[in-house]
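# Structural description and commentary
Residues per chain, in single letters:
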Amino acid sequence: MPGGVIDVDPEAHHHHGKPAGQINDEDRLADLGYKQELKRGWSVIQSFGISFSIISVITGVTTLFLYGLTTGGPGVMASGWIIVSFFTMFVALAMAEIVSSIPTSGGPYHWAALIAKPKYSAFAAWTTGYANLLGQVAVTTGISFGNAGLISTLGALHGFDVTPAKTVGIYAGLLVSHGLVNTFGVTTLGVLNHTSIALHSLGVFGLVVALLAKAPTHRSGAEVFSFFYDATGWGDRASHAYVAVISILTCQYTITGFDASAHLAEETTAAAWNAPIGVITSVGASAVFGFFVLLGFLFSIQDFDATVNSEVGQPVLQIFCDVFGIKGATVAFAFIIICVWHCGLFSITSNSRMMYAFSRDRALPGWFDYVDSKYSSPIRTIWLAVVLAFILSLPSLGSAVAFAAATSIATIGLYISYGIPILILLIEGDNFVRGPFHLGKFSRPVGFVAVSWICFITIAGCLPELTPVDSQTLNYTPVAVGIVAFYALSSWFLWARKWFKGPRAMALEELAVEAGEPNTHLHKSGSVEEKKGGDISEAVEPAN
């Protein structure tokens, strides 16, 4: 029987042909089998803002600037940004079409479940969910551990003794601050969202303009757009093309996390329209603005060799010192740290909503399916996100490439979870129930390009980054991704398939409980009937 997005109770929630955008948000959520538990009130600006804050071009560009300079250099960084931005927009457009139809906190795993054929629905949800969970945790690690590194570097400039253990301690403090604000400051999150938008747009714009205006000299166009530099060793051992491929991490890691608009859909008004707009505009704005920031930094380099081999240990801080002096550099770098803190804060917000939805469907222990009545926040999954992100940072105590690996894991985990529902839609698209935002006849071509690009960056993110490869330089991304993939697949076939029903069946079961029926099956006619001895997870036909 064909797959598609289901309306679990078309009789009780019948809207007489209204498009999804005209249906009340709570009714639409009920159509998909869930009650409104999270506080809804986020606008399209806030939907844009949370993804824009998590993408946070200043975070990605600053924390991976040294990686970019030594893995291809300015020329590859500049051209790579354009290429990555172009193809990532295809991913964003394909995702926006899906979230318009399925505006729930579950995001990609929920999309996969409802688009897939019913007999594959639970498996699609399980595998997509764990890929997204891995990416969510890793992106928080990349953001906040990167920020801990920035704080340590700034401290070292003023005499602070930096050690891996101290950096991990700073990281733990950042995570706790994010957990506390998310726990007790749900209302404050809305205010901080607007603050974050201002910091990441007007604030960063002002910083880059000041940098360009103050810089004593500027690099030439050839030095920025054509200069290739390789410190990985792969340029001689493999090829410049190989170096260019692995260098896309700088750009691709930066433009991740825009599924946050989807994860906050249950807290967004007119979610079927505002959530997809948040996804698209955050990627578009970040692509343009990020290119401006990247070029601003590259043109302001005063001495390339001194910047790459900086005594302060961070090339962006070295650029600031060369242009603004020590005091000015301290202020400018502290501003970036504040921006990155906001980025990490909203990453925990997004993570916790995904984990809450995952536990609501029992892919995580049901104990995490909890929203505090006083603060209207999923407290237990907030702190689960904090703990998991901290654990993922521990390899940094013994690995020189742990941070780069965390960013690779984030990129691969998130984009695989984006790609699975898009791929399923390519296969099962004839039965897809569109929301108010859709791509029409361009849906499949856009989806094909998006899936192809995700396959490419998944391979690129697993390649060795330094040579020779040893215990200190090993890219453990394939190991971490492999462990999660092994767990997701083995757990499914060994035990999860016996009890995990997925969002589709969970919705039907909730409907049966509310109706007081022991078991139900939604027939093609759209009516809910008792099905003696039947399986609640059997196929349902999409409501058109």
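Residues numbered from 1 in each chain as written. Predicted model: local features only at pLDDT ≥ 70, side-chain atom pairs only at ≥ 80, totals over all residues. Heavy atoms only, no water.

### Some points on the overall build of the protein
Keep this limit in mind: Helix and strand definitions follow DSSP, with helices as H or I runs of at least four residues and strands as E runs of at least two, each counted in order from the N terminus. Here the term buried applies to any residue with accessible area under 20% of the maximum for its type, exposed to any over 50%, and partly exposed to those in between, with areas from a 1.4 Å probe on protein chains only. Residue exposure ignores everything except the shown protein chains as possible cover, and the areas themselves are Shrake-Rupley values with a 1.4 Å probe.
Regarding its fold elements, the protein presents 22 helices and four strands. Counting only residues that meet the buried cut, the protein has 60% of its 544 residues in that class. Of the accessible surface of the protein, which amounts to about 19,900 Å², a share of 65% is contributed by carbon and sulfur atoms.

### A few points about the pattern of salt bridges
Formally: Note on definitions: salt bridges are taken to be side-chain nitrogens of Lys or Arg within 4 Å of carboxyl oxygens of Asp or Glu.
In the structure shown here, the tally under the stated rule is five salt bridges. Residue Arg353 is joined to Glu267 by a salt bridge in which the shortest nitrogen-to-oxygen separation is 3.0 Å. Note that Arg353 is positioned in helix 17 (residues 315–360) and Glu267 in the loop between helix 14 (260–263) and helix 15 (271–299), a separation of 86 residues in sequence. One exposure class covers both Arg353 and Glu267, and it is buried.

### Here we look at the layout of surface pockets
Applicable threshold: Cavity means a closed set of points on a 1 Å grid over the protein atoms alone, one where a 1.4 Å probe fits but cannot get out, pocket means an open set with protein on both sides within 12 Å along at least 5 of 7 lines, and lining means a residue has an atom within 4 Å of a point. Grid points are joined across faces, edges and corners, and a volume is the space filled by probe spheres set on the points.
Quantified by volume, the second largest pocket comes out at close to 470 Å³. Lining the second largest pocket we find 18 residues, and of these Leu134, Val137, Leu388, Leu392 and Val484 sit closest to its centre. Taken together, the elements giving at least two residues each to the lining of the second largest pocket come down to helix 7 (118–157), helix 18 (379–393) and helix 21 (477–499). Residue contributions to the lining of the second largest pocket peak at five residues, all from helix 21.

### Quick word on the nonpolar core
What counts is decided by this rule: The set of buried Ala, Val, Leu, Ile, Met, Phe, Trp, Tyr and Cys residues whose side-chain atoms join them within 4.5 Å is what this entry labels a nonpolar core. Here, residues are in contact when the closest pair of their heavy atoms is within 4.5 Å.
By size, the foremost hydrophobic cluster in this structure holds 140 residues, and its most contacted members are Phe65, Val91, Phe258, Val293, Phe297 and Phe320. Sorting elements by how many residues they give to this core places helix 17 first, with 19 residues. When neighbours within four sequence positions are excluded, Phe258 is seen to be in contact with Ser51, Ile55, Thr88, Val91, Ala92, Met95, Val279, Ser282, Val283, Tyr415 and Tyr418. Ile54, Leu192, Leu264 and Phe346 belong to the second-largest nonpolar core, a separate cluster that totals nine residues.

### Quick look at the confidence of the model for the protein
For clarity, the cut-off: Per residue, pLDDT measures the predictor's confidence, with a range of 0 to 100.
Per-residue pLDDT for the protein averages 83, and the proportion of residues at 70 or more is 86%. Confidence over residues 511–515 falls short of pLDDT 50; this stretch has six contacts with residues more than four positions distant or in other chains. Under a pLDDT of 50 for its full length, residues 517–544 has, in the predicted model, 66 contacts with residues more than four places off or in other chains.

### Considerations on the packing of aromatic side chains
Quick reminder of the rule: Aromatic pairs are defined between Phe, Tyr and Trp rings, using the six-membered ring for Trp, whenever the two ring centres lie within 6.5 Å; interplanar angles under 30 degrees are classed as stacked, those over 60 as edge-to-face, and all others as tilted. We call a charge positioned over a ring when the NZ of a Lys or the CZ of an Arg lies within 6 Å of the ring centre and within 35 degrees of the ring normal.
Tallied over the entire structure, the rule returns 36 aromatic pairs. Judged by centre distance (5.4 Å) and plane angle (75 degrees), the rings of Tyr130 and Tyr487 are edge-to-face. Of this pair, Tyr130 sits in helix 7 while Tyr487 sits in helix 21; the two residues are 357 residues apart in sequence, bridging distant segments of the chain. Of the residues examined, Tyr130 reaches a relative accessible area of 9% and is grouped as buried. Pairwise contacts between aromatic rings join Tyr109, Phe123, Trp126, Tyr130, Phe358, Tyr487, Trp492, Phe493, Trp495, Trp499 and Phe500 into one cluster. Lys166 extends its terminal NZ or CZ atom over the ring of Phe160, reaching a point 5.3 Å from the ring centre.

### What to know about helix 6 (residues 108–115)
Of all eight residues in helix 6, eight are buried, a share of seventy percent or more. Within helix 6, the full set of buried residues consists of Pro108, Tyr109, His110, Trp111, Ala112, Ala113, Leu114 and Ile115.

### So, a nonpolar patch on the surface
Inclusion rule: Residues enter a patch when their relative accessible area is above 30% and they make no salt bridge; the linking distance is 9 Å between like charges and 5 Å between nonpolar side chains (Val, Leu, Ile, Met, Phe, Trp, Tyr).
Among the surface-exposed residues, Tyr487, Leu494, Trp495 and Trp499 lie close enough to one another that they form a single nonpolar patch of about 420 Å² accessible area. As for its placement among the helices and strands, Leu494 is situated in helix 21. Look at Leu494 and you get exposed, because its relative accessible area is 55%.

### Quick look at empty space enclosed by the protein
What counts is decided by this rule: Nonpolar residues are Ala, Val, Leu, Ile, Met, Phe, Trp, Tyr, Cys and Pro. Charged residues are Asp, Glu, Lys and Arg, and all others, Gly as well, are polar.
In this structure the tally under the stated criterion is six cavities of 30 Å³ or more. Computed from the structure, the largest cavity encloses a volume of approximately 110 Å³. Around the largest cavity sit 13 residues that line it, and Ile248, Leu249, Ile457, Ala460 and Gly461 are the ones nearest its centre. Among the elements of the structure, helix 12 (240–247), helix 13 (249–254), helix 19 (402–428) and helix 20 (443–461) are those that each provide at least two residues to the lining of the largest cavity. A per-class count over the lining of the largest cavity returns eight nonpolar, four polar and one charged.

### Focus on the packing of helix 2 (residues 44–55) against helix 9 (residues 186–214)
Using the following cut-off: Lines fitted to the C-alpha atoms define the axes, with helices restricted to the stretch that makes contact. Angles between their N-to-C directions range from 0 to 180 degrees. Here roughly perpendicular refers to angles of 65 to 115 degrees, roughly parallel to angles under 35, roughly antiparallel to angles over 145, and oblique to all remaining angles. Handedness of each helix crossing follows the sense of rotation of the near helix against the far helix: counterclockwise by less than a right angle gives left-handed, clockwise gives right-handed.
The interhelical angle for the contact between helix 2 and helix 9, taken along N-to-C directions, is 60 degrees, at an axis separation of 9 Å. Between helix 2 and helix 9, the crossing angle belongs to the class labelled oblique. Judged by the twist between their axes, the crossing of helix 2 over helix 9 is left-handed. Listed contacts from helix 9 to Ile45, Gln46, Phe48, Gly49, Ile50, Phe52 and Ser53 of helix 2 are Gly190, Asn193, His194, Ser196, Ile197, His200 and Ser201. Class assignment for the residues of the contact of helix 2 with helix 9 results in five nonpolar, nine polar and no charged.

### Let's talk about the side chain of Thr307
On the secondary structure map, Thr307 appears in helix 16 (residues 304–308). Judged by relative accessible area, which is 0%, Thr307 ranks as buried. Not counting residues within four places of it along the chain, the set of residues in contact with Thr307 comprises Leu69, Ile301, Pro315, Gln318 and Ile319.

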